[in-house]
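# Structural description and commentary
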Amino acid sequence: MSAEARLAQLGGAGRIIFTASAATEPAYEHRRFGHGFLTHFLLEALCGAEEVVSGGKLSLYRLLEHVTSRVRAAALQGGKEQNPTMRGSIDGDVEWPVFVPGAKYRAAFPARLPAKVTSDLASLSSAGFPDALVTAWAGAIPSLNALQIAAITDFGVLDGENLVVSAPTSSGKTMVGELAALRNVLDRKRALFLLPLKALVADKRRHFESVYGGFGVRTVEATGETDDIAPLLRGQYDVGLLTYEKFAAIALTFPHVLAQVGVILIDEAQMIADRGRGANLEFILTLIRMRRREGSSPN
């Protein structure tokens, strides 16, 4: 009996069978997700994706429709085809509460809990940073300040959460971005820093090579038409530094670059109000948001 026939037998009235792909298709995984496309988007939906929630509840049929479209889009970004399928039927709709990790989840998956740190730099070791790297940071800053602690402990910047950091100059915003970037690099993912000016890109590259070069972190930059972008296209880097304009050109021409990245950090976001570069930044933010809704964009 074929797989299709077996699935048809399992489905029926009062029972829903939802598969990661069609019977003759493979089901793909993505290194950025840490597991399969279906698992990633199903968990995302169960935890309250805005397209699924209505009146504080999860609609089963809306959930399945959402997960199906996200899986298809994510697979297509990699040049593959994966079509989740549903068999069976139920009378009416089924609603669930939004899922929230509780005590049993925390006990079973302690490694997935949000990182907790204190002002002591050594506490970063509990967030997975090597002691040698923490020591290197200690040469530049004496401790973590309240902004950095809140970004990590309260807002999950090391756990893949999206975050806007607005604070005065020299308040530690840059360190928040570097922590997020290095957390991704340690997880074998890539990070992109987007900056408004070539001079800022050059300064940032000198800084990264000075502080992180000794740890094997590969930093590349792209700011103009003559730059060699082959490392970016091939994923042969850990941290990429780009101007807004260069990133927009690459992301539109080579959409797979976004799928390779674990996190994007946008520096000087107040430039969105600048008459010269504001439109470029607004376009970039819109593009990232659209790609994220398709399941192919980082945080």
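Residues numbered from 1 in each chain as written. Predicted model: local features only at pLDDT ≥ 70, side-chain atom pairs only at ≥ 80, totals over all residues. Heavy atoms only, no water.

## Examining the pattern of salt bridges
Applying the stated criterion to the full structure yields six salt bridges. Its salt-bridge partner being Arg218, residue Asp238 comes within 3.3 Å of it at the nearest N-O pair. Here Asp238 is found in the loop between α9 (230–234) and β10 (239–243), whereas its partner Arg218 is found in the loop between α8 (198–212) and β9 (219–222), with 20 residues between them in sequence. The exposure class assigned to Arg218 is partly exposed, which follows from its relative accessible area of 42%. Within the structure, one salt-bridge network assembled from shared partners comprises Arg205, Glu209 and Glu221. (Salt bridge = Lys/Arg side-chain N within 4 Å of Asp/Glu carboxyl O. Helix = DSSP H or I, 4+ residues; strand = E, 2+ residues; numbered from the N terminus. Buried < 20%, exposed > 50% of the residue type's maximum accessible area, 1.4 Å probe, protein only.)

## Here's the deal with the packing of helix α6 (residues 146–153) against helix α7 (residues 173–186)
Packed helix pairs are characterised by how far apart their axes lie and by the angle those axes make with each other. Where α6 meets α7, the closest approach of the two axes is 9 Å, and the angle between their N-to-C directions is 35°. Regarding α6 and α7, the two cross each other, and that crossing is right-handed. Residues Leu147, Gln148, Ala151 and Ile152 of α6 lie in contact with α7, whose contacting residues are Lys173, Met175, Val176 and Leu179. Broken down by class, the residue content of the contact of α6 with α7 amounts to six nonpolar, one polar and one charged. (Axes fitted to C-alpha atoms, helices over the stretch in contact; angles between N-to-C directions. Left-handed = near helix turned anticlockwise from the far one by under 90°. Contact = heavy atoms within 4.5 Å. Nonpolar A, V, L, I, M, F, W, Y, C, P; charged D, E, K, R; others polar.)

## Observations concerning the packing of α7 against α8
Two numbers describe how α7 lies on α8: the axes approach to 13 Å, and their chain directions differ by 60°. Judged on the interaxial angle alone, α8 and α7 are oblique. In this structure, α7 meets α8 at a crossing whose hand is right-handed. Here α7 contributes Thr174, Glu178 and Leu182 to the contact with α8, which in turn contributes Lys204, His207, Phe208 and Tyr212. Grouping the amino acids of the contact of α7 with α8 by side-chain chemistry returns three nonpolar, two polar and two charged. (Parallel < 35°, antiparallel > 145°, perpendicular 65-115°, else oblique.)

## Looking at the packing of aromatic side chains
Counted under the stated rule, the structure contains five aromatic pairs. Here Phe129 and Trp137 contribute two aromatic rings whose centre-to-centre distance is 5.1 Å and whose plane-to-plane angle is 75°, an arrangement assigned as edge-to-face. Residue class for Phe129 comes out buried when judged on its relative accessible area of 3%. On the basis of an interplanar angle of 65° and a centroid distance of 5.3 Å, the ring pair of Phe193 and Phe208 is categorised as edge-to-face. Residue Phe193 is found in strand β8 (residues 190–195), and its partner Phe208 is found in helix α8; the two are separated by 15 residues along the sequence. According to the relative accessible area criterion, Phe193 is buried, its value standing at 4%. Overall, the relative accessible area of 0% leaves Phe208 in the buried class. Put simply, the rings of Phe129, Trp137, Phe193, Phe208 and Tyr212 touch in pairs and so form one group of aromatic residues. Directly above the ring of Tyr28 sits Lys80, whose terminal nitrogen or CZ lies 5.4 Å from the centroid. One cation-aromatic arrangement involves Arg183 over Phe129; the distance from NZ or CZ to the ring centre is 5.5 Å. (Phe/Tyr/Trp six-rings, centres within 6.5 Å; stacked < 30°, edge-to-face > 60°. Lys NZ or Arg CZ within 6 Å of the ring centre and 35° of its normal.)

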